[in-house]
Each structure stands twice: as C-alpha cells, then as structure tokens.
Amino acid sequence: MVEILNSLKSHQVLAEEVKVWYKAAPVDRFPIDGGACVKYKDLQIAVFNFDSGKEWYACQNLCPHKMQMILSRGLTGSCGEEPKVACPYHKRTFSLKSGECLNADEERILTFPVKVEANHVYIGFSR
Amino acid sequence: MKKIIVIGNGMVGYKFCEKIRKTFDASRLSLTVYGEEPRPAYDRVHLSNYFSGATAEDLLLAPRSWYEDNDINLLTGELVTAIDRENRQIYTHKGKRESYDYLVLATGSSAFVPPIRGVERHGVFVYRTIEDLNQILTYGKKIKKAAVLGGGLLGLEAAKALLDMSLETYVVEFADRLMPRQLDDAASDILRMKLTTLGVNILLGKATKEIKGNGKLDGLEFADGTHLDVEMLVISTGIRPRDELAKAANLTIHERGGVLVNEQLQTSDTHIYAIGEVACYQNMIYGLVAPGNEMAEVAIDQMMGAKERIFKGFDMSTKLKLIGVDVGCFGDPFGSSDAVKPLVYKNENTGIYRRLNVTADGKYLTGGILIGDADDYNILHQMVQNKMKLTVAPEALLVKTSAKEEGGAPGVESLPDEAVICSCENVTKGQIQDMVRANENCTINDIKAQTGACTGCGGCTPMVSDLMKASLKSMGKLVKNNLCEHFDYSRQELYDLIKINDIRSFSTLIKTNGKGHGCEVCKPVVASLFASIYNEPAIVHDTIQDTNDRFLANIQRGGTYSVVPRIPGGEITPDKLLAIGSVAKKYGLYTKITGGQRIDLFGALLHQLPDIWEELIEAGFESGHAYAKSLRTVKSCVGSTWCRYGVQDSVSFAIRVEERYKGLRSPHKLKGGVSGCIRECAEAQSKDFGIIATEKGWNVYVCGNGGSRPQHACLLATDVDAETCIRLIDRFLMYYIKTAAPLTRTATWLNKLDGGIEYLKEVVVKDSLGLADTLEKEMQGLLENYECEWKRAISDPDLRSKFAHFVNSTEEDASLSFVDLRGQKMPAAWG
Ligand code: SRM
Ligand SMILES: Cc1cc2nc3c(=O)[nH]c(=O)nc-3n(C[C@H](O)[C@H](O)[C@H](O)COP(=O)(O)OP(=O)(O)OC[C@H]3O[C@@H](n4cnc5c(N)ncnc54)[C@H](O)[C@@H]3O)c2cc1C
Ligand code: SF4
Ligand code: FES
C-alpha cells in the first residue's frame with residue numbers, strides 16, 4: 001500500500017500545473033450526486049459530483065483507515081461549506097477539497113483536479 | 001527590549017515560540033531560534049505517519065513563513081556549539097556568535113544506543129528524526145526481514161513502520177513483557193497476542209549479545225545462545241537528553257543525564273532555562289510532549305515576570321493507538337502501594353484488558369491500564385486526576401460506560417470545574433462550560449478555535465462534545481433530536497413532512513426543508529423514509545443509500561460483497577440447495593450457514609453480483625434483504641408436522657409471515673420467529689416479533705432482541721387465531737416504522753416509549769388512539785408494492801451497468817486478494 005500511495009503522490013498536481021488531462025468517461029456514466037471509480041494507469045481515482053453535476057471532485061480511492069479501495073462507493077455530503085465523502089466501512093469522512101479527515105485522526109487523502117468539457121469528465125495529473 | 005535565544009527547534013522549542021509570540025510581539029522582545037535539523041520543527045509524535053503517506057511538509061508544526069510573519073529569526077541547519085555564560089553569548093558551528101538576555105535550552109534528546117558489539121554495522125538505525133526515517137525507508141527497500149530492539153512505546157511504533165513497509169517484523173525486548181514501564185504482565189500478554197495476530201513477531205526476555213554481520217548486519221545473537229536472522233535493526237531502547245552543551249558550560253547535570261531545573265525551569269544559571277526532554281525536574285525526564293508544553297508556558301511566565309505559575313511535575317498518563325490497538329495507562333498503573341487493590345477484567349477472545357487500581361476502602365481510583373478498548377480512558381483518567389470519590393461499586397467500573405445505561409464510570413457532569421479536559425492546551429471544564437453558557441449556539445469548532453481544546457492530540461474531543469451537550473442540557477436547552485446539521489428535524493418530523501408534501505427525491509427535500517449537501521447520516525435515513533412511505537425499491541435512490549443498499553449486498557473486507565437469498569422459514573428443497581451450491585462453486589464463493597437459518601455466500605466482486613443473482617432468481621430465489629434495514633428472517637422450528645410435541649404447524653406459519661413482510665423497510669432490521677410449542681426452539685422471544693403456538697392458537701410477543709444487549713420480548717396477546725395474530729403484527733410494525741428514531745431496534749424503541757408495553761398494548765390491541773385501521777391500511781399499501789429488487793436490477797440494463805468497479809474499464813480491482821481457509825477462500829487481512 002505504501003507503493004500505491006507513493007505512486008498516487010507522484011501523480012498529484014495543482015490545478016494550474018496539470019500536465020495531463022485524462023479523459024475519463026462521458027458525464028452520463030457517473031451517477032448524479034454520487035461517486036464512481038476511474039482507472040488511470042495503475043491508479044484508482046474516486047470521482048464525485050454534487051448539485052446534479054455542477055461541482056466535481058476527485059480523490060484517491062484508497063481509504064487510509066484500513067487501506068480499502070472503496071471511497072468511490074461512499075456517500076457524499078457536506079460539513080459546513082466543505083464537500084466531503086464518507087467511507088462506507090467505518091464512516092471516516094474526508095474533505096474533498098483539502099483531503100483532510102474530518103472526524104478522526106486519519107491520514108489526509110490526495111485530491112486531484114477535475115474538469116468537464118464537451119460532456120466528458122477529465123482528471124488532471126502531473127504525468 | 002529583551003533578547004531571547006532558543007537552542008533547539010523541536011516540538012517544545014516551537015511551542016515556546018508560539019506561546020511567547022501570542023502575548024509579546026517584536027516590539028517587546030527579540031527572538032532567535034537555532035535548530036540543528038535542516039527543516040523547521042515538525043510533529044515528532046506523528047512521525048510514523050511518514051510511513052503511511054504523510055510528507056515532511058505535512059508534518060511541519062508551522063511553515064517557515066510562520067516564523068517570518070511572527071518576527072522570529074529561525075536558523076535551521078545550524079548547531080550551537082558553545083555557551084559563554086560570562087558574556088551571555090553563544091557560538092555556532094558556522095563560527096557565528098550572538099548575545100542573549102535569556103537562553104532557552106530546548107535541545108530535546110537523542111535515541112539511546114546501548115553498547116552492544118556490532119552496533120556500528122550497516123543496517124542499524126535509530127528512530128527519532130525524518131532523516132532516520134528516510135534512511136530506514138531506503139535500506140528497507142532492499143530487504144525482507146527486520147527487527148526492532150526494544151519493546152517500549154517507541155519500539156512498537158517503529159515496528160508498525162516496518163510492517164507498513166511490508167517487512168517481516170520482529171520486536172526484541174530485554175524485559176519479560178512489552179512496554180515494561182507502562183504495563184503489567186497480563187496487559188502485556190493481551191497486547192502481545194493482538195500484535196502477533198497483526199503480524200508482529202515478539203521475542204521477550206532476550207538480551208542481545210552481538211549484532212552479527214560482515215559490514216552490514218545479518219543477524220542478532222542473544223545471551224541465551226539463540227539467534228535471529230534479520231537484515232535491518234532499528235534500535236529503540238530509550239532516550240538520552242542532549243545535555244552536552246550544558247555540561248560543557250558547567251551547568252548542573254543530573255547523574256543519569258538531563259539539565260537540572262527548578263520549579264521555575266531555571267537551570268543553575270538564572271539566565272538559562274531548560275524545557276522539554278532535555279530538562280530534568282525532580283529526578284524525572286518527561287519523554288512526552290504535554291509536560292514539555294507546560295514547561296514552555298511556565299518558563300515564559302517566569303522569564304517575563306509573571307512569577308505565580310510554576311512547574312509542579314506532570315502526570316505521565318498516555319493513551320495511544322499502537323498498530324491499531326488501543327493502549328491507555330493512567331495515574332499509578334501498577335497500584336504500587338499496599339493500600340491499593342487491583343480489579344481486573346480480561347477477555348482473550350476480544351483482546352480487551354482493563355485493570356483498575358482502587359484504594360482499599362473502595363472509595364477512590366488511583367490508576368489503571370486499558371488495552372484493546374480505551375474509550376473510557378478520558379473519564380477514568382479525570383477521576384484519578386481530580387481525586388473524585390466513586391459513586392458506584394468499584395466493580396461497576398470494569399464494564400465499559402457506553403455498554404450500559406447507568407452504573408459504571410460517571411459522566412462528565414460529575415467532574416469538578418477545575419478538571420483539565422484538554423491537557424495539551426490546558427483547558428478546564430469550567431472554561432468550556434462558560435463558553436457554552438455565554439453562547440448557546442456555540443459549536444465544537446468554536447470551542448476549538450477559542451480555547452485550543454482538541455487541537456493538540458485530539459484525544460479530548462469526545463469529552464468536550466459530551467461536556468457541551470451536558471452544559472446545554474443543564475441550561476434547560478432542549479438538545480433537539482435533529483438528524484444532523486442539514487435538517488432541523490427529527491426522523492418522525494421528516495416522515496410527516498415527506499408524506500404531507502409528497503416529496504419524492506432527496507434533492508427536493510434538502511432544497512425545501514434542509515441546507516447543504518446532506519451527509520452519511522441523513523441520506524440513508526431519508527432513503528429509508530422513502531421506502532417506508534412509498535415502498536420504492538432501494539435502487540431507485542441508490543446514491544443516498546449506504547453502500548449495502550446501493551449495491552443490494554453486504555460489503556465485506558476487501559470491497560467484496562456477500563449474497564443471501566431468502567429461504568423463508570428456513571425451509572429449502574434439495575434442488576434449491578443444489579442450485580446454491582452450483583452458483584457458489586461457479587463464482588468461487590465462501591459459503592456458510594447463517595444464524596438466521598439460511599445460507600450466506602461471501603466474496604462476490606461487484607460486477608459479479610448481477611450475474612450471480614440472475615442465476616439464483618432463475619432457480620426460484622429472491623433477495624433476502626440481508627443488506628437492508630428491513631425484514632431479515634422469520635426463524636421457525638419444525639413444529640407439529642414432524643415434532644412429537646408440536647401443537648401447531650410453525651413452519652407453514654413462519655413462511656406465511658416471512659412472505660408477508662419481506663422487503664418491508666423499517667428504521668432498523670426486523671426479525672421474527674415462530675415456535676411450534678412452549679419449548680420455543682425458534683427462540684421467538686428474542687425476536688422483534690415472536691409467535692409461539694398454544695393449544696388454542698398463538699401467543700404474540702414483541703420487541704425482543706438478541707445482539708449485544710439481549711432482551712426478552714414482551715407478551716402482547718394470548719391465544720389469538722392466525723388472522724388476528726397477523727393483524728396485530730401489522731399494526732405493531734407500522735406504528736414502530738412511523739415513530740421510531742433511525743437505527744433503533746424495536747426493543748430500544750419500546751424502552752423509550754412512555755408507558756412501555758402496557759401503552760403499546762393499548763394502542764395496538766385495544767386501539768386506544770383509533771389508529772388501528774389506518775395502520776393496517778398503510779401496511780397493506782406497502783406490502784402490495786413489494787417487488788424483488790434484484791429482479792428489477794438484473795432486468796434493467798441501466799441499473800445493471802452500475803455494478804462495475806471502474807466507470808472507464810471492465811477490469812477488476814487489482815488490489816483484491818484472498819487466502820485459503822479450510823478449503824474455501826477468505827479475504828487477506830485488513831491492509
Ligand atoms: C451472517 C450472520 C452471521 C452468521 O454467519 O450466522 C450475520 C452477519 C452480520 N450481522 Fe448479524 N448476522 C447474522 C445473524 C444475527 C443474529 C441471529 C439471528 O438473527 O437469529 C443476531 C442476533 C439477533 C438480533 O438481531 O436480535 C445478529 C445481530 C446483529 C447485530 C446486532 C443487532 C442488535 O440489535 O444489537 C448487528 C449490527 C447491526 O445490525 O447494527 C449485526 C450485523 C451483521 C452484519 C450485517 C455486519 C455488517 O454490516 O457486515 C453481518 C453481515 C454479514 C453478511 O455479509 O452477510 N448482526 N445477527 C447472520 C445472518 C442471519 C441471516 O440469515 O440474515
Ligand atoms: C517516534 C516517536 C513517537 C513519539 N510519540 C509520542 C507520543 O505519542 N506522545 C508523546 O507525548 N510524545 C511522543 N514522543 C516524544 C516527543 O516527540 C518528545 O517528547 C518531544 O518531541 C520533545 O520535544 P523537545 O522539543 O524537547 O525535543 P525534540 O523534539 O527532540 O527537539 C529538539 C531539537 O533540538 C535540536 N538540537 C539539539 N541540540 C541542538 C544544538 N546544540 N543546536 C541546535 N539544535 C539542537 C535537535 O536537533 C532537535 O531538532 C515520540 C517521539 C518519537 C521519536
Ligand atoms: S457477530 Fe455478526 S457482526 Fe459480529 S463478526 Fe459475527 S457476523 Fe459480523
Ligand atoms: S476503511 Fe475506511 S473508514 Fe475504515
């Protein structure tokens with residue numbers, strides 16, 4: 001799992017510095033106000049949309065609590081202004097903006113830039 | 001203007017800077033900090049997170065810019081080499097010289113390396129700085145097997161790091177038990193068992209004689225003649241205060257190391273203070289952050305002229321999560337005085353150990369040890385700290401507080417106002433109460449922001465939250481049963497709102513009656529309400545369902561799912577048994593007979609679920625709703641058809657009842673049972689509704705529960721005929737569905753119902769509220785809407801396409817792995 005995290009980290013990037021915009025899938029393949037998992041190389045990225053597809057977020061699919069590939073199947077929601085996802089296993093919740101764990105002392109998760117163009121969802125990576 | 005120099009930019013040195021700048025800005029004092037390490041102070045306590053993904057950046061206590069913004073002259077990578085006390089100056093290894101009014105030694109400690117033959121070999125490391133960790137990470141890539149020398153607190157942390165690196169991991173401890181300074185033998189045994197199951201090999205009572213190898217190490221040799229082959233060794237055998245500077249400057253040093261300080265934290269030179277792990281106060285080196293932080297604050301007050309605050313020593317209680325096992329020890333863990341009697345609870349199956357030391361008169365708690373489950377650590381620790389008199393029999397404290405309604409450890413209300421709730425930031429109960437009293441709308445976040453509570457180690461958060469609720473309650477404020485931050489309504493209020501306004505989607509509901517985007521609490525509740533009101537299949541509202549309801553299966557370790565077809569009353573034909581067998585075989589599923597008289601098939605991948613169900617449905621099965629808050633099973637005994645004692649046909653009746661209520665959504669799961677006679681082989685009295693045959697008809701019982709808090713069902717009606725029996729259960733279930741709080745089983749619901757079973761009888765049997773007709777009609781409506789949701793899911797291509805791990809690939813999740821168990825498969829251990 002350490003390798004998975006390191007590999008994820010090496011692909012992470014700020015929105016302004018994206019090198020690769022990966023064309024993941026058409027918008028309508030994603031459940032409305034929910035999540036799905038995208039495969040990019042050997043990485044698993046959880047992608048979520050809010051407000052009937054107006055807001056999009058992406059993060060690692062791996063839950064740091066018990067190292068489960070699962071966050072894309074979690075319930076989305078908000079905590080104050082912060083958009084979040086709850087892991088289905090033990091309900092650790094993570095901010096989809098900062099990646100911070102909001103209700104326990106877990107590792108921060110990695111987040112990735114997302115954009116929608118011509119009805120396709122793109123995820124940004126550094127390589 | 002005073003000039004202060006701090007030597008050492010570690011955790012305590014940083015705390016000193018943070019606290020002093022809160023009150024004294026650059027116009028009043030100049031502050032220079034020297035740190036030997038290349039980066040600004042970082043969180044050593046959470047150092048191990050570096051192995052599980054945190055970066056050096058993440059660990060920083062504050063970024064470099066913080067020091068600039070606060071006019072602190074921070075010089076990292078610069079070692080102070082000498083102190084000239086006469087001229088009040090220091091020298092650095094770069095040859096720089098600087099004068100001070102006050103000097104603060106916050107040089108911490110280094111790892112103690114025992115003089116064992118061969119310690120200089122390659123592959124031997126210590127565990128203290130980020131640089132150490134980098135070396136361990138690099139070296140660890142090349143090898144398979146590693147050991148930690150020392151089974152103390154830090155040693156076990158280091159072992160966790162080795163595990164995270166996927167190395168075969170050993171812990172070698174000289175003493176006969178783990179964490180010898182904190183734990184007794186029994187606690188060590190339990191911890192050892194747990195760690196062993198997690199994959200750490202533990203060797204106790206081993207004196208290491210030599211670190212063998214040629215250049216790099218290849219093994220350890222012990223005094224008892226045994227040998228352990230390892231390729232890397234992490235030494236964690238204690239700490240050594242870094243008092244070398246002080247010693248050279250002729251400050252008084254303790255014979256076992258550490259710079260001697262008085263209660264003002266002054267060293268033998270009144271212009272030099274020492275704080276943190278380098279300071280020795282009354283023969284003690286405090287190897288923890290909290291006492292170091294307290295020292296920093298006292299030193300500031302003393303230096304800046306507020307003389308009242310002094311250092312009075314510090315409690316060494318600790319609570320940690322070691323490799324996923326809770327460990328807490330507080331007060332005097334060993335009960336070292338004769339006047340103290342230990343009480344012990346030990347459960348080897350669950351790995352839980354609780355030792356509480358109580359004074360001989362049984363009136364006070366003096367300390368204790370908690371392994372496996374330390375949820376009560378905070379309150380027990382407070383009881384010791386505040387010398388609170390016990391209000392219950394000491395034995396009651398052995399049971400976890402949350403596992404019972406009353407008795408046991410007292411709640412936060414009983415603490416005195418001076419009780420320190422957050423020891424990292426020194427926040428008392430009184431301060432938190434005052435905040436809540438001044439502003440009844442204040443939230444945990446406000447308390448965090450204003451007092452700093454919960455911002456250190458975070459261990460006090462549950463207590464602060466309890467305290468907030470208790471304070472609100474004491475003000476007569478209704479702690480409203482709001483679902484969560486998104487809805488100012490209880491479940492029952494939402495039930496009415498949805499029904500009256502005919503609301504059919506979560507987004508409409510939250511737009512009209514709530515705020516934000518919802519969350520993992522309110523979404524499943526609303527989904528359950530839609531189901532209870534309209535009996536729509538779960539899959540219609542899939543993205544507001546918990547994962548089990550979203551994918552119509554129970555999620556299990558590794559992200560696989562289990563499949564449970566309905567087997568009404570537990571009766572099954574040989575053909576159907578064969579069908580289950582062949583499906584299980586085809587998809588490689590682990591099979592087990594459940595406690596609910598049916599068969600569970602485990603280990604299905606998400607995309608296999610529709611295919612598996614297609615075959616099961618073909619063979620005549622339906623969803624068993626094992627994933628849903630809905631009817632599970634109606635257990636039956638064989639009854640009068642075969643049994644020589646049976647007085648009614650319990651199997652036929654159980655099947656009829658199960659067929660009737662299958663798919664019915666409710667606040668929590670529902671279980672039933674039908675027994676053919678008074679011997680009660682179906683255990684109907686432990687079910688939400690239980691039916692027991694009599695010579696004249698059936699006795700109806702309600703609100704029983706198995707599970708963690710078993711409760712016998714109460715008699716609702718006697719000797720009724722089958723039709724009446726069903727009518728009563730209709731009314732009972734519908735009344736429960738409409739009024740219970742989310743995730744409340746019927747037993748708990750009844751316990752909270754004013755008037756209890758007598759009242760329930762009035763409503764359900766005597767119809768005192770005149771509701772009976774409505775309840776029956778509503779139930780009828782729900783039952784008529786039943787459909788097997790799996791049947792719908794497999795026949796609708798859109799729904800079916802949701803069962804895929806990836807949206808953009810048909811591949812399987814490569815991270816899944818299974819191991820063999822008695823000829824079947826099971827998931828590999830938690831990652
Ligand atoms: C499979 C089974 C154990 C077995 O191998 O026998 C089981 C397995 C689970 N039980 Fe159970 N329970 C099973 C019979 C029971 C029984 C015995 C019974 O029904 O006669 C009880 C005690 C009776 C009762 O409920 O009153 C029982 C009391 C619980 C509880 C505690 C409920 C309570 O009110 O205290 C939970 C937790 C919960 O529901 O919140 C639970 C939760 C679970 C979950 C759903 C936990 C989870 O979320 O993963 C397990 C799911 C396994 C799966 O994937 O299918 N299970 N569970 C049994 C399935 C019965 C079935 O055919 O549907
Ligand atoms: C892996 C690990 C886990 C831990 N877990 C916990 C825990 O769970 N709970 C807990 O309470 N405590 C824990 N501790 C202990 C805690 O980290 C220490 O108590 C704390 O860091 C002490 O702070 P300090 O500032 O006194 O020393 P340090 O943090 O060691 O800082 C001292 C700094 O001074 C520098 N220095 C020394 N000499 C000089 C010099 N001459 N010139 C310039 N710089 C110098 C050093 O390089 C160092 O950076 C843990 C420690 C480790 C290593
Ligand atoms: S008792 Fe039930 S919930 Fe607990 S492990 Fe067994 S099956 Fe799972
Ligand atoms: S695995 Fe995600 S919360 Fe436990």
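Residues numbered from 1 in each chain as written. Chains lettered and ligands numbered in written order. Predicted model: local features only at pLDDT ≥ 70, side-chain atom pairs only at ≥ 80, totals over all residues. Heavy atoms only, no water.

(A) Representation of the overall build of chain A in the model. Helix and strand content of chain A: one helix and twelve strands. When the helices and strands of chain A are listed from N to C terminus, the series reads α-β-β-β-β-β-β-β-β-β-β-β-β. Pairs at least 24 apart in sequence give 48% of the contacts found in chain A among residues at least 6 apart. Carbon together with sulfur atoms contributes 47% to the accessible area of chain A, which is approximately 5300 Å² in total. (Helix = DSSP H or I, 4+ residues; strand = E, 2+ residues; numbered from the N terminus. Contact = heavy atoms within 4.5 Å. Areas by Shrake-Rupley, 256 points an atom, 1.4 Å probe, with all protein chains shown as cover.)

(B) Quick look at the overall build of chain B. When its secondary structure is counted, chain B shows 25 helices and 39 strands. Classification of the 831 residues of chain B by burial places 53% in the buried group. A fraction of 62% describes how many contacts in chain B between residues 6 or more apart in sequence connect residues 24 or more apart. Surface exposure of chain B reaches about 36300 Å², of which carbon and sulfur atoms provide 49%. (Buried < 20%, exposed > 50% of the residue type's maximum accessible area, 1.4 Å probe, protein only.)

(C) Here's a closer look at the pairing of strand β36 (residues 698–702) of chain B. Residue and element names in this part refer to chain B. For β36, the tally of buried residues reaches five of five residues, placing the bulk of the element in the interior. The alternating pattern of β36 places W698, V700 and V702 and N699 and Y701 on opposite faces, both of which are buried. Taken together, strand β35 (residues 689–693) and the strand that follows it, β36, pair antiparallel across an intervening segment of four residues. Taken together, the four bridges between β36 and strand β37 (residues 714–720) define a ladder with antiparallel strand orientation. Within β37, the residue paired with W698 across the bridge is V720. (Pairing = 2+ DSSP bridges.)

(D) Geometry of the packing of helix α17 (residues 574–587) of chain B against helix α18 (residues 609–618) of chain B. Residue and element names in this part refer to chain B. Where α17 contacts α18, the two axes come as close as 10 Å, and the packing angle between them is 160 degrees. One finds that α17 runs roughly antiparallel with respect to α18. Helix-helix and strand crossings are classified by hand; for α17 and α18 the assignment is right-handed. From α17, I580, V583, K586 and Y587 reach across to α18, where they touch D611, I612, E615 and L616. (Axes fitted to C-alpha atoms, helices over the stretch in contact; angles between N-to-C directions. Parallel < 35°, antiparallel > 145°, perpendicular 65-115°, else oblique. Left-handed = near helix turned anticlockwise from the far one by under 90°.)

(E) Fine view of the interface of chain B and chain A. Each side of the interface is counted separately: chain B has 43 residues, and chain A has 45 residues. Where chain B abuts chain A, roughly 3600 Å² becomes buried across the two surfaces, and 51% of that area is made up of carbon and sulfur atoms. Taken together, chain B and chain A are joined by three salt bridges. In this structure, A:K91 and B:D546 form a salt bridge, with 2.9 Å as the shortest nitrogen-oxygen distance. Our count for the chain B to chain A interface comes out at 23 residue pairs in polar contact (both at pLDDT 80 or more). Elements with a minimum of two residues in the side of chain B that touches chain A: α15 (522–534), α16 (547–551) and β29 (554–556) of chain B. The greatest single-element share of the side of chain B that touches chain A, amounting to three residues, is contributed by α16(B). Among the residues forming the side of chain B that touches chain A, the class breakdown is 13 nonpolar, 20 polar and ten charged. (Buried area = accessible area lost by both parts, 1.4 Å probe. Salt bridge = Lys/Arg side-chain N within 4 Å of Asp/Glu carboxyl O. Polar contact = N/O pair within 3.5 Å; in protein donor to acceptor, adjacent residues only side chain to side chain. Nonpolar A, V, L, I, M, F, W, Y, C, P; charged D, E, K, R; others polar.)

(F) Representation of the packing of helix α19 (residues 650–661) of chain B against helix α20 (residues 722–739) of chain B in the model. Residue and element names in this part refer to chain B. Between α19 and α20, the shortest axis-to-axis distance is 12 Å and the interhelical angle comes to 35 degrees. The chirality of how α19 crosses α20 is right-handed. Along its contact with α19, which presents F653, R656, R660 and Y661, the element α20 presents A722, E723, C725, I726, I729, D730 and L733. Here the contact of α19 with α20 is built from residues that sort into seven nonpolar, no polar and four charged.

(G) Up close: the pattern of salt bridges. All names here are of chain B. Across all of its chains, the model carries 53 salt bridges over all chains by this definition. Measuring nitrogen to oxygen at the nearest pair gives 2.7 Å for the salt bridge that ties R731 to E776. Taken together, the positions of R731 in helix α20 and E776 in helix α23 (residues 772–784) put the pair 45 residues apart, joining distant regions of the chain. For R731, a relative accessible area of 11% puts it in the buried group.

(H) Just the site of ligand 1, in detail. Residues and elements named next belong to chain B. Neighbouring ligand 1 are 20 residues; Q556, S562, G595, D600 and K669 lie closest to it. Between ligand 1 and S562 there is a distance of 2.6 Å, counted from an oxygen atom to a side-chain nitrogen or oxygen. One of the side-chain N or O atoms of R745 is found 2.9 Å from an oxygen atom in ligand 1. Looking at the shell around ligand 1, the elements that each hand over two or more residues are β29 and β32 (599–604). The class makeup of the residues in the shell around ligand 1 is one nonpolar, twelve polar and seven charged. (Near = heavy atom within 4 Å.)

(I) Region of the structure containing the side chain of B:S532. Residue and element names in this part refer to chain B. If you trace the backbone, S532 turns up in helix α15. For S532, a relative accessible area of 2% corresponds to the buried category. Excluding residues within four positions of it along the chain, S532 makes contact with R491, R665, S666, I737 and L782.

(J) Quick peek at the environment of A:K97. Residue and element names in this part refer to chain A. For K97, the location among the structural elements is in the loop between β9 (93–95) and β10 (111–112). Between the alpha carbons of K97 and F112 there is a distance of 9.1 Å; along the sequence they are 15 residues apart. In contact with K97, not counting residues within four places along its chain, are Y57, E82, P83 and T111.

(K) Main features of the side chain of B:Q266. All names here are of chain B. Looking at the secondary structure, you find Q266 in the loop between β18 (259–260) and β19 (272–274). On the accessibility criterion, Q266 (13% relative accessible area) is buried. Setting aside its immediate chain neighbours within four residues, Q266 contacts L260, V261, I272 and Y273.

(L) Structural view of the sheet that holds β19(B). Residue and element names in this part refer to chain B. In spatial order, the strands read β3-β2-β1-β7-β19; together these five strands make up an open sheet with parallel pairing. If you trace the sheet from one side to the other, it starts and ends with β3 (72–76) and β19, each paired once. Pairwise comparison of adjacent strand axes, ignoring direction, gives a mean angle of 15 degrees for this sheet. Relative to strand β7 (residues 102–105), strand β1 (residues 2–7) runs parallel, the two sharing four bridges. Counted as the bridge partner of I4 is Y102 from β7. Helix α8 (residues 289–303) rests against β1, β7 and β19 of the sheet, and its axis sits at about 160 degrees to β19.

(M) Geometry of the pairing of β32(B). Residue and element names in this part refer to chain B. Counting buried positions along β32 yields five of six residues, so the element is predominantly enclosed. Alignment of strand β30 (residues 560–563) against β32, held across two bridges, turns out to be antiparallel. When the sheet's bridge partners are listed, V563 is paired in β32 with L601. Both strand β31 (residues 590–593) and β32 contribute to a ladder of four bridges, which runs antiparallel. For Y590, the partnering residue across the bridge sits in β32 and is F602. Turn length for the β31-β32 hairpin, with the two strands adjacent in sequence and antiparallel, is five residues, and the turn residue Q597 shows positive phi of about 60 degrees.

(N) Main features of the state of the cysteines. Counted by the stated rule, this structure contains zero disulfides over all chains. Cysteine A:C101 remains unbridged, with the sulfur of A:C63 as its closest cysteine sulfur at 8.0 Å. We note that B:C484 lacks a disulfide partner, and the nearest cysteine sulfur, in B:C522, lies 3.7 Å from it. (Disulfide = S-S within 2.5 Å.)

(O) The arrangement of unusual backbone geometry in detail. Residue and element names in this part refer to chain A. A positive phi angle, near 55 degrees, is found at D33, a position not held by glycine. Inspection of the secondary structure puts D33 in the loop between β1 (20–26) and β2 (35–40). Classification of D33 as partly exposed rests on a relative accessible area of 22%.

(P) Broad picture of the sheet that holds strand β13 (residues 208–214) of chain B. Residues and elements named next belong to chain B. One open sheet holds the three strands; their spatial order is β13-β14-β15, and the pairing between them is antiparallel. The strands lining the two open edges of the sheet, one partner per strand, are β13 and β15 (227–228). Here two bridges tie strand β14 (residues 216–222) to β15, and the two strands are oriented antiparallel to one another. Among the inter-strand pairings, L220 is bridged to a residue of β15, identified as L228.

(Q) Broad picture of the packing of aromatic side chains. Across all of its chains, the model carries 26 aromatic pairs over all chains by this definition. Relative to A:F125, the ring of A:Y40 lies with its centre 4.0 Å away and its plane at 10 degrees, an arrangement referred to as stacked. Remark: A:F125 occurs in strand β12 (residues 120–125) and A:Y40 occurs in strand β2; sequence separation between them is 85 residues. No difference in accessibility class separates A:Y40 from A:F125, as the two residues are buried. Plain terms: the ring middles of B:F51 and B:Y127 are 6.2 Å apart, the flat faces sit at 10 degrees to each other, and that makes the pair stacked. One end of the pair, B:F51, is in the loop between β2 (29–35) and α2 (56–59); the other, B:Y127, is in the loop between β9 (124–126) and α4 (130–140), with 76 residues separating them in the sequence. The class of B:F51 is buried, set by a relative accessible area of 2%. Between the NZ or CZ atom of A:K115 and the centre of the ring of A:Y122, over which it lies, the distance is 5.5 Å. Directly above the ring of B:Y534 sits B:R504, whose terminal nitrogen or CZ lies 3.7 Å from the centroid. (Phe/Tyr/Trp six-rings, centres within 6.5 Å; stacked < 30°, edge-to-face > 60°. Lys NZ or Arg CZ within 6 Å of the ring centre and 35° of its normal.)

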